[in-house]
Every structure is written in structure tokens, then in C-alpha cells.
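Listed here are the chains, written in short residue letters.
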Amino acid sequence: MTDIQATLSEVLAAAASDRGVVSASLVPHAGAEPETVWIPESGHEPAFLAYSITKIFLAVLVLRLCEERRMGLDDRLVRWFPHIAGADRISIRQLLNHTAGIPDYGGMSAYHDSVRATPSSPWSFERFAVETFDQGLRFEPGEGWAYSNPGYMLVKRIVEEVSGESFRCLVVERIAKPLGLRRTFVAESLQDLASLTPGMSRVLSPDGGPRDVRQHYHPAWVSHGVIASTSSELVRFLDRLFSGRLLSADSLDQMTALVAVSVDPPPQGGRPSYGLGLMGDPASSLGLLLGHNGGGPCYGASAFHATALNGASACVMGAIEDDFRPEEVVREVLHRLADGRNGRAAVGLRLGCRSQ
């Protein structure tokens, strides 16, 4: 076991404490190969749903189509969805950075009640529309910020229409194959979840009884599609993205142009921001961080790139539903890397999640 793997094991053990399957991967500097550990140590590397990390993949595909001049970031939504309120004032860029005003379903009781009642029968595109943007915009496009999964549902439809290919095929042909990501794919059915590590969730039954996500949770409940992958493949994807393997320098500049995110209460440190499919923090103690978190029934994931740490990237994924914060584990891993390079001994753990 290398020193990096030993550190990853220590951090994972403190965060998970035998409560489920977890995996962590680190690319210590730009272009390096990932170092990976998982707990418990058995079999091959576990795979999980990445949930909203999928937004990075969608943004990459949009920018690739823009590079091919098949669409533009400032094209208006009305070109594809003329009947949506304000479509003539909403740009693709605003959908990607959540400034379009499209409502979300994350806080809707109707959505969560439906997931509990019929986890294997997801809402249709039309039902998502009725519950969200058919109700009107939250604010005038460009004059606010609000996280919106349905905004990315629209992006997915647009990408498929412009390219003439499904999101699943686009991920395979334009991202997974070129980067050698053999276990990264878009999950579209219950059968597609069979290769994932087991994950028990209490949000998939009316009585709160635990159910295996792989047997009950249809991935189409994630309106914009959902990537399944491993921590080593996601961290490789993030590293290769910021190393210029997928996008031009201009496209990366567009992707990493950040807008401020309103957070209540304000954070003690850092400055939460959002780019195109990217969460960002330009004022963290680690320097600029770019990546995304993902969470849903049982599985949690976080993957971030630290430009100031020689382009290091870290990803943590787990099958733990309660009290597991992979984004805090990612920051701990990156702090440990920074401490090692600065010749400091790590004193204690900075994890906010409790060990049990």
C-alpha cells in the first residue's frame, strides 16, 4: 500500500466507521493515475450512482456541441421549447449555471411522496414539467440563482436533439471510450443497477422500511439522467477534463466562469459559486475548487479538482444513507495532500461527519 493509499484508508475509516461500502480516489497531480482504496477491502472496486455529478457530463457535451458550432451557449430555449414561459429570455448558459429561474422539485413533497409510493415507476418528462416549469419561473432569467434539476432535464433533451444521439450513447462515445472509462455509463433501467454495490434506502417505501436501491429505484427519477461509475473513473474524468483532454481552453474558460450562490446561513469560509455544470469555491483554504456533489437514495458522491494543488483531483463515493458527507471527506483528503506537501503533520481529522 502506498502512502497515499494509507492516507485514503485512514480518512475513509474515520468517515464511514464500518457503516457501509465507501471508496476514495486521488489523482495527486494533473495527469497522474488515480490511487484508490475502498472499504471493506474485498472484490473489485465498487460502483455507485453519481447523481448530480452527472451535470458535469451534460455540460461537457453541450460545450463539445458548441465547439462544433451546432449550438451556442447564448442560444435561447425557445428554439427547442417554445411553449415554456420565458423561453425567449432563457439561454443555454443560464440553464447550465442555474440562473434561468426554472423551478426545482427537490423540496416538493409530491415528488418525494411519489418516490416512496412507486419507486420503480418514475414521473414522465411531462409530469416533471407540470410540477415545475409549467408553473412559471421563480425569477426573471439572469436575475437570481436557484438550483434546478428540471433545467438540466431540458439540457439533456436539447443535447439529444442537436446531436441526434441518446445521452447514454454520447457519454460512451465522447467521454467514456476516449478516456478508457469502462465502468462509466448512464443508468436507464433497474437492470442497469445490477452492477452497483448493494445500497439500502429508507426513502423507497411508504413505511420507511429499507429497500435495495438496485431492485426498487428507477434511475429516471433523476430527471436529467444519472451516471453510474466508480471513484477511480470519476476522478480520472475530472483530471482529464481540466487537463484539456475533452474541451478547448476557451470552453474550459466558459465552463469555469462562476456566478455567486446565495447560501443561508452564509458559510464560515469560502465563497460558494457555480459555473457550467460545476460547483466552485474560489476562496476555499485549498484555493479554487471545482467539481460537484451528488446525493440520492443511499448513494452519495463528491468529486473536486484543486487547481492550486498542482491540479490534484479527489473523489469519494459511498453506499451510506445517513450521516455521510462525501464532500467533507474529499476536502479532508485534499487537506492531507496539502499538509504533506507543506511538510506539516496532520493533526486530527477535519471531518464534520461523526464516526459511529
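Residues numbered from 1 in each chain as written. Predicted model: local features only at pLDDT ≥ 70, side-chain atom pairs only at ≥ 80, totals over all residues. Heavy atoms only, no water.

Asker: Explain the packing of aromatic side chains to me, and be specific about the residues and the numbers.
Answerer: Applying the stated criterion across every chain, the model contains 14 aromatic pairs. Ring geometry for Phe48 and Tyr299: centres 6.0 Å apart, planes at 75°, overall edge-to-face. You can see Phe48 sitting in strand β3 (residues 48–51) and its partner Tyr299 sitting in strand β12 (residues 299–306), a full 251 residues away along the chain. For Tyr299, a relative accessible area of 1% translates into the label buried. Look at Tyr111 and Phe128: their rings are 6.3 Å apart centre to centre, the planes differ by 45°, and that puts the pair in the tilted class. Of this pair, Tyr111 sits in helix α4 (residues 109–117) while Phe128 sits in helix α5 (residues 125–131), and the two are 17 residues apart along the sequence. Among the residues examined, Tyr111 registers a relative accessible area of 8% and is labelled buried. Note on Phe128: relative accessible area 2%, which makes it buried. An aromatic cluster is defined as three or more aromatic residues linked by ring pairs; in this entry it consists of Tyr105, Tyr111, Trp123, Phe128 and Trp221. (Phe/Tyr/Trp six-rings, centres within 6.5 Å; stacked < 30°, edge-to-face > 60°. Helix = DSSP H or I, 4+ residues; strand = E, 2+ residues; numbered from the N terminus. Buried < 20%, exposed > 50% of the residue type's maximum accessible area, 1.4 Å probe, protein only.)

Asker: Could you give an account of the pairing of strand β1 (residues 21–27), with specific residues and numbers?
Answerer: The buried count for β1 comes to 7 of 7 residues, which makes it a mostly enclosed element. Going residue by residue along β1, you find Val21, Ser23, Ser25 and Val27 tucked away on one face and Val22, Ala24 and Leu26 tucked away on the opposite face as well. Two strands pair when backbone bridges link them, and β1 and strand β13 (residues 312–319) are joined in this way by 7 bridges, in the antiparallel orientation. If you follow Val27 over to β13, its bridge partner there is Ser313. With 5 bridges connecting them, β1 and strand β2 (residues 35–39) associate as antiparallel partners. (Pairing = 2+ DSSP bridges.)

Asker: Break down the packing of helix α2 (residues 54–67) against helix α6 (residues 149–163) for me, citing the residues and quoting the values.
Answerer: Where α2 contacts α6, the axes come no closer than 10 Å and their chain directions differ by 40°. The angle between α2 and α6 falls in the class oblique. Two packed elements cross with a definite hand, and for α2 against α6 that hand is left-handed. On α6, the residues that touch Lys55, Leu58, Leu61, Val62 and Leu65 of α2 are Asn149, Tyr152, Val155, Lys156, Val159, Val162 and Ser163. (Axes fitted to C-alpha atoms, helices over the stretch in contact; angles between N-to-C directions. Parallel < 35°, antiparallel > 145°, perpendicular 65-115°, else oblique. Left-handed = near helix turned anticlockwise from the far one by under 90°. Contact = heavy atoms within 4.5 Å.)

Asker: Just give me the short version of the environment of Val27, but keep the residues and values in it.
Answerer: Examined against the element boundaries, Val27 turns out to sit in strand β1. As a C-alpha pair, Val27 and Asp239 span 212 residues in sequence and 7.3 Å in three-dimensional space. Dropping the residues within four chain positions of it, Val27 is found in contact with Ala32, Glu33, Pro34, Val235, Asp239, Ala312 and Ser313.

Asker: Can you tell me about the pattern of salt bridges, naming the residues and giving the values?
Answerer: Taken as a whole, this structure holds 19 salt bridges when the rule is applied. When the shortest N-O distance is used, the salt bridge between Arg89 and Asp88 registers 3.6 Å. We classify Arg89 as partly exposed; its relative accessible area is 36%. In this structure, Glu140 engages Arg89 in a salt bridge whose closest nitrogen and oxygen atoms are separated by 2.6 Å. Taken together, the positions of Glu140 in the loop between α5 and α6 and Arg89 in the loop between α2 and α3 (92–96) put the pair 51 residues apart, joining distant regions of the chain. Glu140 sits in the partly exposed class, given a relative accessible area of 34%. (Salt bridge = Lys/Arg side-chain N within 4 Å of Asp/Glu carboxyl O.)

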